[in-house]
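Examining the three-dimensional arrangement
Given next are the chains, with one letter for each unit.
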Amino acid sequence: MNVLVQQSNLEALLQRHVKMAAEIKNLDTDLQMLVYENYNKFISATDTIKRMKTNIVGMEANMEQLLSKITSVQSRSDTVNTSLFDKRENIEKLHRTRNLLRKVQFIYDLPTRLNKCIKTEAYADAVRFFTGAKPIFEAYGDTSFHDCKKASEEAIDLVTQHLKTKLYSDSEPIESRAEAVVLLKQLNFPVDSLKSNLLEKLEDCLLNFQKEPTQASIGDISKTFRAYLIIFPDSEKRLIELAQALFSNRYETVRENLRKRIPSTDLLAMLRSLWEDATAIDEVIPEAALPAFSLETTRDIIRQHIATAFLHLQSEISDVLVRTPSTSNGKLEESQLQTAMETSKVKVLQGCIDLLQEFHHLIDGNTELLVKLRDLIIDWVQEGFQDFFQKLDGHFHMLSGRSTSPSQEMESVQIDKVPTALVLMLAQLCVFIEQTAIPKVTEELASSFSGGGARSYEYGPPFVPGEICRLYRSSGEKFLHHYINMKTQKISKLLNKRFTTPVWIKHKEPREVNMFVDLLLLEFNGVVSEVKQVLPGLIRRHRHSDSTGSTTSSRSNPMREDMLNRSNTHRARSQFLENHLAKLFEQKMEIFTKVEYTQESVISAVLKLCLKSLQEFVRLQTFNRSGFQQIQLDMEFLKTSLKEFVDDEAAISFLLKEVNNAAHERCLDPIPLEPPILDKLISAKLAKIKEQSPNMQ
């Protein structure tokens, strides 16, 4: 109290006062409740005492009456015992004599009994009879029982010889040998020296059981273990090692079978049999902990089985893709690539559905083993699909030649050796997986593999379809652009080689379309052949000719026609300047738009990039008048030939015009061909093509 007064202010003292007043009030209330409760107990005790006093009244008279009756019964019992005492003594004496005579008779009959047991091979009864009579022989063997003792010992020696013969016989089952050891032990025969020999026999028996389990049952093995524990109690450690080695080897056999891609039903049959066998042995040797070992091993085997199934599916999909046909002479056989594309789609989707159906067997059983692992199996299946789709995406990148990561299963394929058709198929297959396969797998997992939750929540859900869809959406776009780049690079190399070969500044007057145009169209036909078999057609055509800037052809452009009508170099260069000024006021045209998964979009993208490369090649050359006119003729012919392949005619016309303008810039004397001559040369080329390909429409 002194400390409280010294260290606290007035407000703290008032708060302490209020608190103590509340505590006092609570204590008063508790005390009052205790008084009330004890008062009720006192009243109840008083009532009980009153009832007891009432019930005790009259009990003393009854007790005295009971005591008199007990005294009377005891008196009469003593009278009966006294009268029968002599007769009881005589009866007990006669009974002891009768028992002694039976034993004597048994001793005299023992040799005969033992010989009968030997004839019927009832060695257990013979040992039991002899061990029962042995104390009598030890006490009275030198008296009148001498002959019986000698005959009995001779008979039991014969029994011992038979038991030893049975023990060392390889034809006898292990249970009979164990029984022989037990009987020899009862006869005080030194059986410890036989332990190592018998354990070796047991090892051979277990080895044969592993090779051909049908020849013996696990029940027989269990009985044998039980017999050995009885015979050799100190051999428990060795028996535990043998039991663990037996099941380790049997489970290793199951692991080896996993490499053969066995069905889930067959795997479950083997695991169920092993689980039942382990449970049976556990009843005999619980210290071996075989059920726990079996559960842990089964857990690893099922997880390995699931992982192996996904690896096989990835390998099958890869085998289908690597057999993708490549272009030959710019063309593919009809529907050849389309068939490969459909086969790969079926392999992905049907392969996933087949795996789901097979994995369903793993959680459909109601055995104790499967019930314990059900949640884990569900998590493993979901994790397996997540990992499978991620690895499959990485494998796609490896097949396309884009991946150089050392963590890949195989070395990355060289880009120049990758079929372009394969890259295009991978792009379309990514779209199929994102839009069809992933939703189907997600639906099946939700309906048949819901639950789980055995893994830690810190790792998140085992299967995230949104993440996989984003992965394949991104990969599909990369493969599509990779295909376009591969085709563009191949065509650009050919164009560069063909374009740098002629000496354009000494070019002769154009007589026909240049050979590089034929090469360009041939390669482009290869692109069309691949794209039409893999990608769908355009759903909505994008035309820019009505809404963009100057996109008319060279022959219909009034400014170009006016230029062609001029015949001297000065006016041509003036027109060139006017052309550049006009371009500044033209509407800006978007040439390179987003590539879509359609035939027209990919074809247009390849063609635009090739024409852009062609424009750069032109800018690196110097042309005379004839060289410039050759480029003019080639671009005009391409404009006519490429219309049927593209949906963005305006952009293609614009790029062809840019190539022509680039040649115009690099020309020393840019006098164009007159329209009649241009039309004549193009018509001659078209007629020649029609003559070479009469079936061409």
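Thresholds, definitions, all that
- Residues numbered from 1 in each chain as written.
- Predicted model: local features only at pLDDT ≥ 70, side-chain atom pairs only at ≥ 80, totals over all residues.
- Heavy atoms only, no water.
- Helix = DSSP H or I, 4+ residues; strand = E, 2+ residues; numbered from the N terminus.
- Contact = heavy atoms within 4.5 Å.
- Axes fitted to C-alpha atoms, helices over the stretch in contact; angles between N-to-C directions.
- Nonpolar A, V, L, I, M, F, W, Y, C, P; charged D, E, K, R; others polar.
- Phe/Tyr/Trp six-rings, centres within 6.5 Å; stacked < 30°, edge-to-face > 60°.
- Lys NZ or Arg CZ within 6 Å of the ring centre and 35° of its normal.
- Patch = residues over 30% accessible without salt bridge, like charges linked within 9 Å, V, L, I, M, F, W, Y side chains within 5 Å.
- Areas by Shrake-Rupley, 256 points an atom, 1.4 Å probe, with all protein chains shown as cover.
- Salt bridge = Lys/Arg side-chain N within 4 Å of Asp/Glu carboxyl O.
- Expected span 1.5 Å × (residues − 1).
- Buried < 20%, exposed > 50% of the residue type's maximum accessible area, 1.4 Å probe, protein only.
- pLDDT = per-residue confidence, 0-100.
- Core = buried A, V, L, I, M, F, W, Y, C linked by side-chain atoms within 4.5 Å.
- Domains from an automatic or database assignment.
- Parallel < 35°, antiparallel > 145°, perpendicular 65-115°, else oblique.

Bringing the overall build of the protein chain into the picture now. On a plain count of helices and strands, the protein chain comes out with 22 helices and 0 strands. For the protein chain, the share of sequence-separated contacts (at least 6 apart) that also reach a separation of at least 24 residues comes to 80%.

What follows is about the packing of helix α10 (residues 264-284) against helix α13 (residues 368-400). As a packed pair, α10 and α13 sit with axes 9 Å apart at the nearest point and diverge in direction by 115°. Residues Leu268, Leu271 and Trp275 of α10 form the contact with α13, whose participating residues are Glu368, Leu369, Leu370 and Lys372. Its residues assigned to classes, the contact of α10 with α13 comprises 5 nonpolar, no polar and 2 charged.

Here we take up the packing of aromatic side chains. The relative placement of two aromatic rings is captured by the distance of their centres and the angle of their planes. Counting across every chain of the model gives 12 aromatic pairs. Each member of the aromatic cluster is reached from another via a ring pair, and the members are Phe310, Phe359, Phe385, Phe388, Phe389, Phe396 and Tyr472. Across the ring face of Phe129, the terminal group of Arg113 is positioned such that the distance to the ring centre comes to 5.8 Å.

Let us now look at a nonpolar patch on the surface. Together, Met52, Ile56, Met59, Met63, Leu66 and Ile70 line one region of the surface with nonpolar side chains, adding up to about 590 Å² of accessible area. Of all elements in the fold, only α2 (10-56) and α3 (59-120) reach the threshold of two or more residues within the nonpolar patch. No other element matches α3, which puts 4 residues into the nonpolar patch. Tracing the backbone shows Met63 in helix α3.

Taking 1.5 Å of rise per residue, 17 residues should cover 24 Å, and helix α21 (residues 649-665) covers 24 Å from first to last C-alpha, within 8% of that figure. Within α21, 15 of the 17 residues are buried, leaving the element largely enclosed by the surrounding structure.

Turning to the confidence of the model for the protein chain, a few remarks are in order. Here the protein chain averages 80 in pLDDT, while 82% of its residues score no lower than 70. The low-confidence segment residues 539-573, where pLDDT is below 50, has 67 contacts with residues more than four positions distant or belonging to other chains. Within the model, pLDDT remains below 50 along residues 584-588, and this stretch shows 6 contacts once partners closer than five positions in the same chain are excluded.

With a phi angle near 60°, Glu121 is a residue other than glycine that sits in the positive phi range. Assessed through its relative accessible area of 56%, Glu121 is described here as exposed. At Ala289, a residue that is not glycine, the phi angle is positive and equals roughly 55°. Among the secondary structure elements, Ala289 is positioned in the loop between α10 and α11 (290-322).

Turning our eyes to something else, we now look at the nonpolar core. Ranked by size, the top nonpolar core spans 156 residues in total, and within it Phe385, Phe389, Phe396 and Ile433 carry the most contacts. For this core, the leading source of residues is helix α14 (residues 420-448), giving 15 residues. Residue-level mapping places this core at the junction of two domains, with at least three residues from each of domain 1 (289-403 + 416-486) and domain 2 (502-536 + 577-692). Residues in contact with Phe385, not counting those within four places in the same chain, are Phe310, Cys352, Leu356, Val441, Leu445 and Phe463.

Moving on: the environment of Leu229. The residue Leu229 is located in helix α8 (residues 218-231) in this model. Given a relative accessible area of 22%, Leu229 falls into the partly exposed group. Through-space distance from the C-alpha of Leu229 to that of Leu239 is 8.2 Å; in sequence the pair is 10 residues apart. Other than its neighbours up to four places away in sequence, Leu229 contacts Glu236, Leu239, Val284 and Ile285.

We now examine the packing of helix α20 (residues 625-641) against α21. What describes two packed helices is the angle between their axes and the distance between those same axes. Relative orientation of the contacting elements α20 and α21 amounts to 175°, with a least axis distance of 9 Å. Looking at the two axes, α20 sits roughly antiparallel to α21. Together, Phe628, Ile631, Gln632, Met635, Leu638 and Lys639 of α20 and Ser653, Leu656, Val659, Asn660, Ala663 and His664 of α21 make up the contact between the two elements. The residue inventory of the contact of α20 with α21, partitioned by class, reads 7 nonpolar, 4 polar and 1 charged.

Right, let's get into the pattern of salt bridges. The tally for this structure, following the rule as stated, stands at 17 salt bridges. We note a salt bridge from Glu241 to Arg238, for which the minimum N-O separation is 3.2 Å. Pair noted here: Glu241 and Arg238 are both in helix α9 (residues 236-258), with a separation of 3 residues, about one helical turn. The partner of Glu296 in a salt bridge is Arg299, with the nearest N and O atoms 3.8 Å apart. On the criterion of helical spacing, the pair formed by Glu296 and Arg299 is a turn pair, its members being 3 residues apart in helix α11. Using a relative accessible area of 43% as the deciding quantity, one classes Glu296 as partly exposed. For Arg299, a relative accessible area of 25% puts it in the partly exposed group. Bridged by salt links that share partners, the residues Glu296, Arg299 and Asp300 form one connected network.

The next thing to look at is the environment of Ser529. Looking at the secondary structure, you find Ser529 in helix α16 (residues 515-534). Take Ser529: its relative accessible area is 16%, and that puts it in the buried class. Sequence-wise, Ser529 and Ser335 are 194 residues apart; in three dimensions their C-alpha atoms are separated by 9.5 Å.

As a further point, take α9. In this model α9 runs 33 Å from its N-terminal to its C-terminal C-alpha over 23 residues, within 8% of the 33 Å that 1.5 Å per residue would give. Three or more residues of α9 are buried, namely Leu239, Ile240, Leu242, Ala243, Leu246, Phe247, Arg250, Tyr251, Val254, Asn257 and Leu258.

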